[in-house]
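Residue-level structural notes
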Amino acid sequence: MSSSSSDSDSSDDDKKRKKKREKKERKRKRKEEKKAKKKAKKARRSRDDDGDDAPADEEDYGPAPLPDADALEGLGGGAVDYGGALRPGEGAAIAQYVQKNMRIPRRGEVGWQGEEIERLESVGYVMSGSRHARMNAVRIRKENQVYSAEEKRALALITFEEKQQQENKVMGEFRAMLQQRLVSQGLAKAELGDAPQ
């Protein structure tokens, strides 16, 4: 009898050990899953704090460029530096709205006209882009970057035009003086009889 009781004791011990191992394994897996979730959440939080990282589908966020993008090329002459922390093409897209003196669409406002949005806000509706303080601060900073770059570009364009006008004025005066000198020399030669034909 002692052998059968020892067999049952050892099988019970084996079952207990097996259950203990399984429990330990489940606990380890849960711990790993929890750690992975925590890591992903931390990465999301740091990306949101920056406000500058591009989401997976960049095309859907921010103002889209206006249809006539080539109008921008003729005004400034080349690429304009809108500062850092802007995604590629984002500064140019915002600048097109600024140049046309239009409202820059915020998140959730794309597809609406500026007048429609202002009318809705005056009635009392709050657009979703205005609710989040951090997103609002990032948007305002980016808009200010573009505004200052556009002001610099416009100032450079004005000074270039002023220099061009001044240069044209001086060239006109030189031409008039040269014409006058040629006429006076032509008359002098005509009096001597050496006038060119």
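Residues numbered from 1 in each chain as written. Predicted model: local features only at pLDDT ≥ 70, side-chain atom pairs only at ≥ 80, totals over all residues. Heavy atoms only, no water.

1. Considerations on the overall build of the protein
How we decide: Secondary structure elements are taken from DSSP: a helix is a run of H or I of four residues or more, a strand is a run of E of two residues or more, and numbering for both begins at the N terminus. When a residue's accessible area, from a 1.4 Å probe over protein chains only, is under 20% of the maximum for its type it is buried; when over 50% it is exposed; and in between it is partly exposed. Areas reported as accessible are Shrake-Rupley estimates using a 1.4 Å probe. Residue values count occlusion only from the protein chains shown.
Of the regular secondary structure elements, the protein holds five helices and zero strands. Classification of the 197 residues of the protein by burial places 16% in the buried group. Accessible area for the protein stands at about 16,200 Å²; split by element, carbon and sulfur atoms hold 53% of it.

2. Here's the deal with the side chain of glutamate 90
Inclusion rule: For this analysis, a polar contact is any N or O atom pair within 3.5 Å, provided that within protein one partner can donate a hydrogen and the other can accept it, and provided that sequence-adjacent residues contribute only side-chain to side-chain pairs.
With respect to the helices and strands, the residue glutamate 90 is situated in helix H3 (residues 90–99). Judged by relative accessible area, glutamate 90 falls into the buried class, the value being 12%. Polar side-chain contacts of glutamate 90 include one of 3.4 Å to the side chain of lysine 142.

3. Topic: the pattern of salt bridges
Heads up, the condition is: A carboxyl oxygen of Asp or Glu within 4 Å of a side-chain nitrogen of Lys or Arg is what we treat as a salt bridge.
Using the criterion set out here, one finds six salt bridges in the structure. Where arginine 28 meets glutamate 32, a salt bridge forms, and the shortest distance between an N and an O atom there is 2.6 Å. Highlighted residues: arginine 28 and glutamate 32, both in helix H1 (residues 2–50), separated by four residues, approximately one helical turn. Its relative accessible area of 39% is what places arginine 28 among the partly exposed residues. According to the relative accessible area criterion, glutamate 32 is partly exposed, its value standing at 46%. Where glutamate 143 meets arginine 139, a salt bridge forms, and the shortest distance between an N and an O atom there is 3.0 Å. One end of the pair, glutamate 143, and the other, arginine 139, are both in helix H5 (residues 133–192), four residues apart, so they sit about a helical turn from each other. No difference in accessibility class separates glutamate 143 from arginine 139, as the two residues are buried. Three or more residues joined by partner-sharing salt bridges are found here, namely Glu25, Arg28 and Glu32.

4. Remarks on a nonpolar patch on the surface
As a reminder of what qualifies: Residues qualify for a patch when their relative accessible area is over 30% and they have no salt bridge, like charges being joined within 9 Å and the nonpolar side chains of Val, Leu, Ile, Met, Phe, Trp and Tyr within 5 Å.
On the surface, Val170, Met171, Phe174 and Met177 cluster together into a nonpolar patch covering about 360 Å² of accessible area. Assignment of secondary structure puts methionine 171 in helix H5. Given the relative accessible area of 40%, methionine 171 is considered partly exposed.

5. A look at a positive patch on the surface
Counted only if it meets this: Positive charges are assigned to Lys and Arg, negative charges to Asp and Glu, while His and the chain termini are left out of the count. Lys charges are placed at NZ, Arg charges at CZ, Asp charges at CG and Glu charges at CD.
Residues Lys23, Arg26, Lys27, Arg30, Lys31 and Lys35 make up a contiguous surface patch of positive charge. By the secondary structure assignment, lysine 27 is in helix H1. Judged by its relative accessible area of 57%, lysine 27 falls in the exposed class.

6. Examining the nonpolar core
Counted only if it meets this: To define a nonpolar core, start from buried Ala, Val, Leu, Ile, Met, Phe, Trp, Tyr and Cys residues and group those joined through side-chain atoms within 4.5 Å. Contacts were defined at the residue level, with two residues in contact if any of their heavy atoms lie within 4.5 Å.
Listed in full, the nine residues of the largest apolar core are Tyr82, Leu86, Ile94, Ala95, Tyr97, Val98, Ile104, Val146 and Ala149. Sorting the residues of this core by element identifies H3 and H5 as the ones contributing at least two each. If you tally residues by element for this core, the top one is H3, at four residues. Beyond its immediate stretch of four places on either side in the chain, tyrosine 82 contacts Gly91, Ala92, Ala95, Gln145, Val146, Ala149 and Glu150.

7. Some details on the confidence of the model for the protein
Which entries qualify depends on this criterion: On a range of 0 to 100, pLDDT expresses the predictor's confidence in each residue.
Across the protein, the average pLDDT comes to 76, with 72% of residues at 70 or higher. For the protein, per-element mean pLDDT is lowest for helix H2 (residues 71–76), which scores 46, and highest for H5, which scores 86. For residues 52–58, every residue scores under 50 in pLDDT, and the model assigns this stretch eleven contacts once sequence neighbours within four places are set aside. Ignoring residues within four places in sequence, the model shows residues 69–76, a span with pLDDT below 50, making eight contacts including any to other chains.

8. Notes on H3
Most of H3 sits inside the fold, with eight of its ten residues counted as buried. Within H3 the residues assigned to the buried category are Glu90, Gly91, Ala93, Ile94, Ala95, Gln96, Tyr97 and Val98.

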